[in-house]
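# Architecture and fold: a report
For reference, the chains in residue letters:
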Amino acid sequence: MKRTHNCGELRKEDTGKKVILSGWVNKYRNLGGLIFLDIRDRYGITQVLFDPKNLSKEIIDTANSCRNEFVVTVSGILNVKPEANKNLSTGEIEVIADGIVIDNESVTSPFNFLNGKSDAKEEIRLQYRYIDLRSAKMTENLLIRHKVALAARNYLSDKGFIEIETPTFSKSTPEGARDYLVPCRIFPGTFFALPQSPQIYKQLLMVAGQDKYFQIARCYRDEDARGDRQPEFTQIDIETSFPVQNEIFELTEGLMKEVFSQGINVEIQTPFPRIPYLQAMEEYGVDKPDIRFELKLKNITDITRSSGFKVFADAQTVKFLAVGGLENMSRKQIGEYEDYAKHLGAKGLAFVKVIGGKLESGVAKFLTEPETDEILAKCELNGDGIIFFGADKLSLVNKVLGNLRNRIAKELKLFREDDYKFCFIIDFPMFEFSEEENRWQAMHHMFTMPKPEFLEDLKRGENLENILGQLYDLVLNGVELSSGSIRIHDSAVQEKVFSILGMSKEEYENKFGFMLNAFKYGAPPHGGIAHGLDRMIMLMCHEETIRDVIAFPKTKNQNCLMMNAPSEVDQKQLDELGIEIKKK
Ligand code: ASP
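What counts as what
In every chain, residue numbers begin from 1 and rise along the written sequence. Reporting in this predicted model follows two pLDDT cut-offs: at least 70 for local features of residues, and 80 or more for side-chain atom pairs to be given and counted; totals over whole chains, interfaces and linings ignore these cut-offs and use all residues. Side-chain measures here rest on the full set of heavy atoms in the structure, leaving out hydrogens and waters. A helix here means a DSSP run of H or I that spans at least four residues, while a strand means a run of E at least two residues long, and both kinds are numbered starting from the N terminus. Burial status follows relative accessibility: with a 1.4 Å probe on protein chains alone, a residue under 20% of its type maximum counts as buried, one over 50% as exposed, and anything between as partly exposed. Only heavy atoms enter the contact rule, under which two residues are in contact if any of them lie within 4.5 Å. In this description, accessible areas are obtained by the Shrake-Rupley approach with a 1.4 Å probe, and a residue is regarded as covered only by the protein chains that are shown. Positive charges come from Lys and Arg, negative ones from Asp and Glu, while His and the chain ends are left out of the count. To locate a charge, take NZ of a lysine, CZ of an arginine, CG of an aspartate or CD of a glutamate. Between the N-to-C directions of two axes lies an angle of 0 to 180 degrees, each axis being a line fitted to C-alpha atoms and, for a helix, fitted only over the stretch in contact. For classification, angles of less than 35 degrees are called roughly parallel, those exceeding 145 degrees roughly antiparallel, those between 65 and 115 degrees roughly perpendicular, and all remaining angles oblique. A clockwise turn of the near helix away from the far one marks a right-handed crossing, whereas an anticlockwise turn of less than a right angle marks a left-handed crossing. Between any two strands, at least two bridges found by DSSP are needed for them to pair. Side-chain rings of Phe, Tyr and Trp (the six-membered ring for Trp) are treated as a pair once their centres are within 6.5 Å; stacked means planes under 30 degrees apart, edge-to-face means over 60, and tilted covers the remaining angles. Residues are counted as near a molecule or strand when any one of their heavy atoms sits within 4 Å of it. Here a polar contact is taken to be a pair of N or O atoms separated by no more than 3.5 Å, where protein atoms must pair a possible hydrogen donor with a possible acceptor and residues adjacent in sequence count only if both atoms sit in side chains. Throughout this entry, Asp, Glu, Lys and Arg are counted as charged residues, while Ala, Val, Leu, Ile, Met, Phe, Trp, Tyr, Cys and Pro are counted as nonpolar. The remaining residues, Gly among them, count as polar.

Scanning the protein chain for helices and strands turns up 17 helices and 24 strands. If one aligns the C-alpha atoms of the protein chain with their principal axes, the spans along those axes are about 95 × 75 × 55 Å. Sorting the 584 residues of the protein chain into buried and exposed places 50% on the buried side. In the protein chain, the proportion of contacts linking residues at least 24 apart, taken out of those at least 6 apart, comes to 66%. When the accessible surface of the protein chain is summed, it comes to about 29400 Å², and 50% of that surface belongs to carbon and sulfur atoms. On the protein chain, the mean spot of the 76 positive side-chain charges and the mean spot of the 87 negative ones are 3 Å from each other.

Written out as structure tokens, the structure is:
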């Protein structure tokens with residue numbers, strides 16, 4: 001028996017057709033002798049009815065022996081159901097069976113599917129990923145991922161970009177994270193590194209005259225388990241020659257419009273706002289602002305400098321976050337926010353309530369009239385509300401109020417989950433000083449070109465903290481989706497950046513000599529961007545973690561629970577590689 005249809009396509013119009021379906025038993029029911037099997041495949045679920053009145057004992061016995069996740073092929077005639085199931089696209093029809101073959105049995109599944117999702121905890125889902133992926137939700141996620149990748153390829157190809165593969169076995173050229181190393185058998189003691197991104201290759205492709213490159217590229221970074229990271233992840237990686245920044249932004253806007261339309265049928269509004277980094281930090285406290293809601297931070301440092309309230313007067317920065325409609329917040333609720341602020345590193349969380357155009361309770365009594373007037377003028381509340389203050393070092397104030405802003409917006413449901421608001425963050429500083437390592441670090445990566453007005457400062461190695469790069473991020477709903485920059489294409493400037501970052505000539509020649517050399521053979525001006533595909537799909541699928549949009553992900557601790565990897569290898573393999581394991 002060869003299937004004639006899939007399990008998601010039959011409708012009322014097909015009534016009377018003789019059909020054969022193959023799939024997995026999603027549900028088995030025996031209702032007073034009538035046997036119902038719901039047969040599932042990637043496309044949907046179709047109900048099949050076995051009526052003992054019309055069927056041989058053998059067929060009934062076979063149907064009766066089916067259990068969840070058995071693989072079966074059934075034949076029958078399509079019929080309209082007496083009562084439609086509105087939750088299923090095939091809910092109006094059923095197959096009146098006249099035959100069944102069990103293609104394969106299944107031992108008891110470790111979980112069931114409820115509302116199209118596995119009902120087990122994540123470890124079990126990951127261990128039995130091949131069953132988990134049968135669910136409607138996971139199948140949909142994989143399909144959206146496929147559609148997005150396809151739409152991206154088509155869009156970029158239409159714009160003249162060609163997909164070029166770059167190696168997975170590369171040279172260790174740290175880009176901020178630790179490299180994964182691959183020992184080389186032929187030259188014991190040497191290693192390839194898996195690329196953290198195709199950054200250097202794509203730049204060399206520009207030197208190679210390929211003009212417009214893209215690749216749906218796998219990247220590998222060995223980072224500690226923090227946040228929602230995977231040791232390997234995927235980027236839509238793009239590079240172009242002779243660009244101006246705006247060209248890359250317009251290409252990105254078009255790409256996002258296309259992939260959201262093709263992937264999930266959502267119309268994205270363009271152009272995206274361009275927000276300078278310093279403005280983003282000032283107004284939202286973070287460099288990845290969620291702009292689905294307003295709630296901007298306000299700075300009152302100038303006016304509180306001479307405050308009688310010591311906490312404000314002594315602080316490097318004083319900013320506030322005013323939220324309408326929370327004027328009745330209890331002391332207990334405020335206490336919870338205060339604990340949150342402390343957890344983020346603040347000493348406390350001062351507040352006042354705005355009631356009838358006046359400041360009341362909290363720190364109201366410590367504020368002078370000019371301070372009160374300034375706060376009321378700036379708070380932009382349409383009525384009553386509450387104001388939270390941050391008074392500390394600028395970076396801490398931003399961190400506390402920026403996070404509080406996101407938390408409150410979520411609690412008050414100030415945005416819709418299915419609203420997609422993009423923005424570009426532009427004009428990032430090139431460098432940030434790492435107190436920990438006592439040296440300058442690249443804010444993005446070390447191949448970024450400064451804005452032209454800072455080139456001289458860079459060459460002189462002066463004013464480093466104020467140098468802005470031609471460096472940009474794409475942010476979606478508070479998530480950093482993409483990063484890119486216009487690159488350095490001049491070997492002298494590139495050498496200067498390496499040395500600012502603390503590398504000796506010997507060190508950068510050793511690591512990047514080939515690149516500096518390539519730049520001497522006619523490197524064109526170039527720039528690009530890389531879009532995080534996993535995060536993008538995660539937001540499209542309304543998932544909480546990128547693991548739910550990757551077919552075979554690792555756990556937070558970098559394990560593959562399905563294959564039990566990483567794992568030890570044979571002594572023979574180690575001997576061939578000249579590797580000896582030191583027991584910890
Ligand atoms: N290679 C960069 C990254 O992975 C992206 C870029 O600058 O194009 O973050």
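This part takes up the packing of helix H14 (residues 491–500) against helix H15 (residues 505–519). Between H14 and H15, the least distance of the axes is 10 Å, while the angle of their chain directions is 155°. Compared by their axis directions, H14 and H15 come out roughly antiparallel. Read as a crossing pair, H14 and H15 show a hand that is right-handed. Residues Ser491, Gln494, Glu495, Phe498 and Ser499 of H14 pack against Lys505, Tyr508, Phe512, Leu516 and Phe519 of H15.

Further remarks concern the environment of Glu371. Examined against the element boundaries, Glu371 turns out to sit in helix H11 (residues 369–378). Along the primary structure Glu371 and Glu232 are separated by 139 residues, whereas in three dimensions their C-alpha atoms are 51 Å apart. Residue contacts for Glu371: discarding those within four places in its chain leaves Ile303, Thr304, Ser307 and Phe366.

Spatial strand order, S1-S2-S3-S5-S4: five strands in a closed barrel with mixed pairing. The average angle at which neighbouring strand axes cross in this sheet is 50°, direction not considered. Relative to strand S5 (residues 93–104), strand S3 (residues 44–50) is paired through three bridges, and the arrangement is parallel. Bridge pairing in S5 links Leu49 to Ile96.

Moving on, we come to the packing of aromatic side chains. Counting across every chain of the model gives 21 aromatic pairs. Each ring, one from Phe260 and one from Phe422, has its centre 5.5 Å from the other, and the planes form 85°; the classification is edge-to-face. Of this pair, Phe260 sits in helix H6 (residues 245–264) while Phe422 sits in strand S19 (residues 422–426), and the two are 162 residues apart along the sequence. Judged on exposure class, the residue Phe260 and its partner Phe422 are both buried. When the ring of Phe447 is compared with that of Phe498, the centres are 6.5 Å apart and the planes differ by 90°; the resulting orientation is edge-to-face. Linking Phe447 in the loop between strand S21 (439–442) and helix H13 (455–460) with Phe498 in helix H14, this pair joins segments that are 51 residues apart in sequence. A relative accessible area of 0% means that Phe447 is categorised as buried.

Glancing now at the site of the ligand. Near the ligand, the surroundings consist of Ser197, Gln199, Lys202, Arg221, Gln235, His444, His445, Ser483, Gly484, Arg487, Ile529 and Ala530. Contact distances for the ligand include 2.8 Å between an oxygen atom and a side-chain N or O atom of Arg487. Contact with the protein chains hides 93% of the accessible area of the ligand, taken as 270 Å² for the molecule alone. Listed by contribution, the elements that provide at least two residues to the shell around the ligand are helix H5 (199–207), strand S23 (479–486) and strand S24 (526–532). Along the lines of polarity and charge, the residues of the shell around the ligand split into two nonpolar, seven polar and three charged.

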